[in-house]
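# Secondary and tertiary structure notes
Here is what each chain is made of, one letter per residue.
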Amino acid sequence: MFGMLKKTCGVCLIGMGFGILLVLLLPIAGWLFLIGFAILILGLIWLSC
């Protein structure tokens, strides 16, 4: 049960990271890109563990 919840949280983090990268990349703001990239990497790490 916990493993399923962990995978769900990882997928949500990956989705949120992609959303920030794709939607908020339109205005030119480097820190938004870095936040989106960091959330995406965090989600991938969370999913792989």
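Structure's up top.
Read on for an overview of the structure. If you're wondering where the values come from, they're calculated on a predicted model, not measured in any experiment. (Residues numbered from 1 in each chain as written. Predicted model: local features only at pLDDT ≥ 70, side-chain atom pairs only at ≥ 80, totals over all residues. Heavy atoms only, no water.)

### So, the environment of Ile39
Summarising the element assignment, Ile39 is placed in helix α2 (residues 30–48). By relative accessible area, which is 17% here, Ile39 ends up buried. Sequence separation of Ile39 and Cys12 is 27 residues, and the distance between their C-alpha atoms is 9.8 Å. (Helix = DSSP H or I, 4+ residues; strand = E, 2+ residues; numbered from the N terminus. Buried < 20%, exposed > 50% of the residue type's maximum accessible area, 1.4 Å probe, protein only.)

### Regarding the environment of Ile14
Position of Ile14 among the secondary structure elements: in helix α1 (residues 2–23). C-alpha separation for the pair Ile14 and Gly43, spaced 29 residues apart in sequence, amounts to 4.8 Å. Apart from residues no more than four positions distant in its own chain, Ile14 is found in contact with Leu40, Gly43, Leu44 and Leu47. (Contact = heavy atoms within 4.5 Å.)

### With respect to α2
Taking 1.5 Å per residue as the helical rise, α2 with its 19 residues ought to reach 27 Å, and the 27 Å between its terminal C-alpha atoms agrees with that figure. Restricting attention to buried positions, one finds in α2 the residues Leu32, Gly36, Ile39, Leu40 and Gly43. Buried residues along α2 cover an arc of 100 degrees about the axis, so they all sit on one side. Exposed and facing more than 90 degrees away from the buried side of α2 are Trp31, Leu34 and Ser48. (Expected span 1.5 Å × (residues − 1). Arc of directions from axis to C-beta.)

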